[in-house]
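Descriptive analysis of the structure
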Amino acid sequence: MSDTFFRMEYTLVSYNIWKGCVFLAKKMIFTIFIYIIIAIIILPAMITYCSYHSKNTNEIQTTETEGELASPEVIRYHTNELEEYVKGVVAAEMPALFEKEALKAQAVSARTYAVRKMKEMNTNTISYDIGQAYITVDEMKQKWKNHFEEYYNHINEAVEDTKGEIMVYDNEPILAVFHAESGGKTESAENVWQKEIPYLKSVDSSLDINAPNFETSICFTYDEVLKRFCNKYNDFILNEQTLSQQIYIQSCSPAGYVQKIQIGNKTLTGREVREILNLRSANFTINIENNNITFTTKGYGHGAGMSQYGAEFMAKQGKTYRQILEHYYTDISFSTYTAKNAFSE
């Protein structure tokens, strides 16, 4: 009985061990099967989803970032976008309370200038970096504060009233340059950029004498002048003892802008001197006293094209924006710029 009992006990234990091994084997096979399912189906699905979600998130963030940029370099051409750009230029370049006809003249000039640059670059984008100032609507709000609605509406009306209108010469958009105020006459292009442009001729703008700060003076010491020009020219020489013999104007244009001036051992243009000394214009005279050099300037800017204050004074006299533009840009005509005829010959 004892041997039989132990044999039965041993058999029972062996059976239980075998049963346990079978259970563990099944559990292991099931576990492996689950891992295979995860590896083959679930994991790739999760990777695909995360990748897609990440891509979409990046795209949204990029769009939001681009939308928040104050002054993006370019925008795709669209008629409304061009007009919005022009509003930003007019707001930056001309006082918002100028006469409406003056603002309209500025709008046509700004639009023409932009269209010409687009054509030159053979592109369908509007570039902000073409030499015209520009501010966004948010910057207008910061600049005008409580007057934003009044000022914006004034500019908006001027731009909308001239929507799509540009100036052309020989069926090409003109180089519609402008400046704040002349010295009494505007300057010819060849005297500014050494290139003759038929519609950028010197014309009367004597009303500019009424502009603020039409004539201003700035005084430099000998040391200041020497430092400024030495920074520009390594070989510059200026003798403090004989300033009046070394600094003098050699020639001026009929409009009064300095063409050639002797300063120390350099013969320069009025434009070069203006840039080095940061003068308001190249229409200036010089007075030397006690080794102090005083430059008295007339007007503000390069002097070519439309005078903005001249446009304002003409508008106050009842001139229309087209009459203003025809005065400052010789023999031009008007055309309408749309997406359909963009860049057409």
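One can find the structure itself at the top, above this paragraph.
Being a predicted model, the structure only gives us computed values, none of them experimental.

Our focus in this paragraph is the sheet that holds strand 7 (residues 247-252). Each strand in a sheet pairs with another by means of backbone hydrogen bonds, the pair being arranged parallel or else antiparallel. One open sheet accounts for 3 strands, arranged 7-8-9; its pairing is antiparallel. In this open sheet, the two edge strands, each paired with only one partner strand, are strand 7 and strand 9 (266-268). Taking each pair of neighbouring strands and ignoring which way they run, the sheet shows an average axis angle of 15°. Where helix 9 (residues 270-277) meets the sheet, its contacts fall on strand 8 (258-263) and strand 9, and the angle it forms with strand 8 comes to roughly 65°.

Another aspect to go through is the pattern of salt bridges. Enumeration over the complete set of coordinates arrives at 15 salt bridges. Residue Glu160 is joined to Lys87 by a salt bridge in which the shortest nitrogen-to-oxygen separation is 3.2 Å. On the criterion of sequence distance, the pair formed by Glu160 in helix 5 (residues 148-161) and Lys87 in helix 2 (residues 79-93) is long-range, its members being 73 residues apart. By relative accessible area, which is 3% here, Lys87 ends up buried. For Glu181, the salt bridge identified is with Arg280, shortest N-O distance 3.8 Å. With a gap of 99 residues between them, Glu181 in the loop between strand 5 (178-179) and helix 6 (190-193) and Arg280 in the loop between helix 9 and strand 10 (284-289) connect regions that are remote in the sequence.

As enumerated under the stated definition, the model contains 12 aromatic pairs in all. For the ring pair Tyr128 and Tyr134, a centre distance of 4.4 Å and an interplane angle of 70° mean the geometry is edge-to-face. Comparing Tyr128 with Tyr134, the two get one shared label, buried. Between Tyr309 and Phe313, the aromatic rings sit 6.2 Å apart at their centres with planes inclined by 40°, giving tilted as the arrangement. One end of the pair is Tyr309 and the other is Phe313, both in helix 10 (residues 308-316) and 4 residues apart, which spans about a single turn. The class for Phe313 is buried, based on a relative accessible area of 15%. Aromatic rings pair up to connect Trp144, Phe148, Tyr151 and Tyr152 into one cluster. For the cation-ring pair, Lys141 lies above Phe148, with the distance from its terminal atom to the ring centre recorded as 5.5 Å.

Criteria and cut-off values
- Residues numbered from 1 in each chain as written.
- Predicted model: local features only at pLDDT ≥ 70, side-chain atom pairs only at ≥ 80, totals over all residues.
- Heavy atoms only, no water.
- Pairing = 2+ DSSP bridges.
- Helix = DSSP H or I, 4+ residues; strand = E, 2+ residues; numbered from the N terminus.
- Axes fitted to C-alpha atoms, helices over the stretch in contact; angles between N-to-C directions.
- Contact = heavy atoms within 4.5 Å.
- Salt bridge = Lys/Arg side-chain N within 4 Å of Asp/Glu carboxyl O.
- Buried < 20%, exposed > 50% of the residue type's maximum accessible area, 1.4 Å probe, protein only.
- Phe/Tyr/Trp six-rings, centres within 6.5 Å; stacked < 30°, edge-to-face > 60°.
- Lys NZ or Arg CZ within 6 Å of the ring centre and 35° of its normal.

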